[in-house]
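This is what each chain is made of:
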Amino acid sequence: MTPERKIPERRSRKARRTRDTLAQAAFELVLDRGLRNVTVEEIAEAADVDRRTFSRYFPSKEAAALDSLRGDGDRINAALRARPAPEPPLLAYRRAVLDWLADPEAEAWHRRPRIFELLVVAEEEPTLYAVFHHIRVDAQEDSVAIVADRLGVDPRQDIRPAVTVAAGAGALLAAQAAWVRGGRPYALPERVAEAFDALAETAGEAAEATEEASETEATS
């Protein structure tokens, strides 16, 4: 490797360490003291950098505190890409989520220290919840592209990938909300299974209703 290539790589590693240090400082301060009792300056000081450095990496203290969750959407999408091609898209999404939950190396939310606490706070703080919503939306956009590729369609013309992801992500969101409000930190896989079972049941009822409506229209 040439010296010219080593320098950008070292800078990239340093930048990653700085970002991770800021994110960890924000995470811990927000949980220990509450979102409203923490300033950006205090996060920067805890990470041993100045305010200007913080602003290069994060637009807000909320974004920094939630940064550790951003990679989970990537992990779910990686599992979705790896699902067998013949699987129906919604089933593939469900199994991708379950693969993420079961993978010890992925450290899903119920295994990672204090993530349960963070999501409890996010439920209570509107600005934190808004950032969490944007993180989910970014991950879902990637999921739509993956499902479209599985179906061999253009997601700008075919609505099925977006509908599939909206349904699957909605089930995951419902499970996460029930998990946080239920007060049992290790119950997330159970809640996710319940949510996707409820989705399958609802989809079956919707299919039956659509079939009945079509038959009624055909005979009228």
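I will try to describe carefully the structure that is included in this document. (Residues numbered from 1 in each chain as written. Predicted model: local features only at pLDDT ≥ 70, side-chain atom pairs only at ≥ 80, totals over all residues. Heavy atoms only, no water.)

**Regarding the environment of L101**
Next, step 1: Within the secondary structure, L101 is located in helix α6 (residues 89-102).
Next, step 2: The exposure class assigned to L101 is buried, which follows from its relative accessible area of 4%.
Next, step 3: Counting along the chain gives 26 residues from L101 to R75, while the straight-line C-alpha distance between them is 10.0 Å.
Next, step 4: Filtering out sequence-adjacent residues up to four positions away, L101 remains in contact with A108, H110, R111, L188, P189 and V192. (Helix = DSSP H or I, 4+ residues; strand = E, 2+ residues; numbered from the N terminus. Buried < 20%, exposed > 50% of the residue type's maximum accessible area, 1.4 Å probe, protein only. Contact = heavy atoms within 4.5 Å.)

**Some points on the environment of L119**
Next, step 1: Along the chain, L119 turns up in helix α7 (residues 115-124).
Next, step 2: Residues L119 and Y129 lie 10 residues apart in sequence; the distance between their C-alpha atoms is 8.6 Å.
Next, step 3: In this structure, L119 is in contact with L69, W109, F132, Q176, W179 and V180, ignoring residues within four places of it in sequence.

**Looking at the pattern of salt bridges**
Next, step 1: Within this structure, the stated rule accounts for 20 salt bridges.
Next, step 2: Of the charged contacts in the structure, one is a salt bridge between R75 and D72, with a shortest N-O distance of 3.0 Å. On the criterion of helical spacing, the pair formed by R75 and D72 is a turn pair, its members being 3 residues apart in helix α5 (residues 67-82).
Next, step 3: As a salt-bridge pair, D158 and R160 come within 2.7 Å of each other at their nearest N and O atoms.
Next, step 4: Looking at R160, the relative accessible area reads 43%, which means it is partly exposed. (Salt bridge = Lys/Arg side-chain N within 4 Å of Asp/Glu carboxyl O.)

**Side note on the packing of aromatic side chains**
Next, step 1: The final tally for this structure, using the stated rule, is 5 aromatic pairs.
Next, step 2: Through pairs of rings, three or more aromatic residues link up here, namely W100, W109, Y129 and F132.
Next, step 3: A cation sits over an aromatic face here: R136 above F132, 4.9 Å from the ring centre. (Phe/Tyr/Trp six-rings, centres within 6.5 Å; stacked < 30°, edge-to-face > 60°. Lys NZ or Arg CZ within 6 Å of the ring centre and 35° of its normal.)

**Structural notes on unusual backbone geometry**
Next, step 1: The backbone phi angle of D48 is positive, close to 65°, even though this residue is not glycine.
Next, step 2: Summarising the element assignment, D48 is placed in the loop between α2 (40-46) and α3 (51-57).
Next, step 3: Exposure remark for D48: the relative accessible area of 72% places this residue in the exposed category.
Next, step 4: Look at E107: it is not a glycine, yet its phi comes out positive at around 50°.

**Thoughts on the environment of L35**
Next, step 1: Among the secondary structure elements, L35 is positioned in the loop between α1 (3-33) and α2.
Next, step 2: Each C-alpha atom, one on L35 and one on V121, is 8.2 Å from the other, the two residues being 86 residues apart in sequence.
Next, step 3: With residues near it in sequence (within four places) discarded, L35 still touches V30, K61, E62, E125, T127 and L128.

**A closer look at the packing of α5 against α6**
Next, step 1: Put simply, α5 and α6 touch, their axes get as near as 8 Å, and they point 125° apart. Our classification of the angle between α5 and α6 gives oblique. In the packing of α5 onto α6, the handedness of the crossing is right-handed. Contacts from D72, R75, I76, A79 and L80 in α5 reach A92, Y93, A96, V97, D99 and W100 in α6.
Next, step 2: When its residues are assigned to classes, the contact of α5 with α6 shows 8 nonpolar, no polar and 3 charged. (Axes fitted to C-alpha atoms, helices over the stretch in contact; angles between N-to-C directions. Parallel < 35°, antiparallel > 145°, perpendicular 65-115°, else oblique. Left-handed = near helix turned anticlockwise from the far one by under 90°. Nonpolar A, V, L, I, M, F, W, Y, C, P; charged D, E, K, R; others polar.)

None of this, on its own, says anything about what the molecule does.
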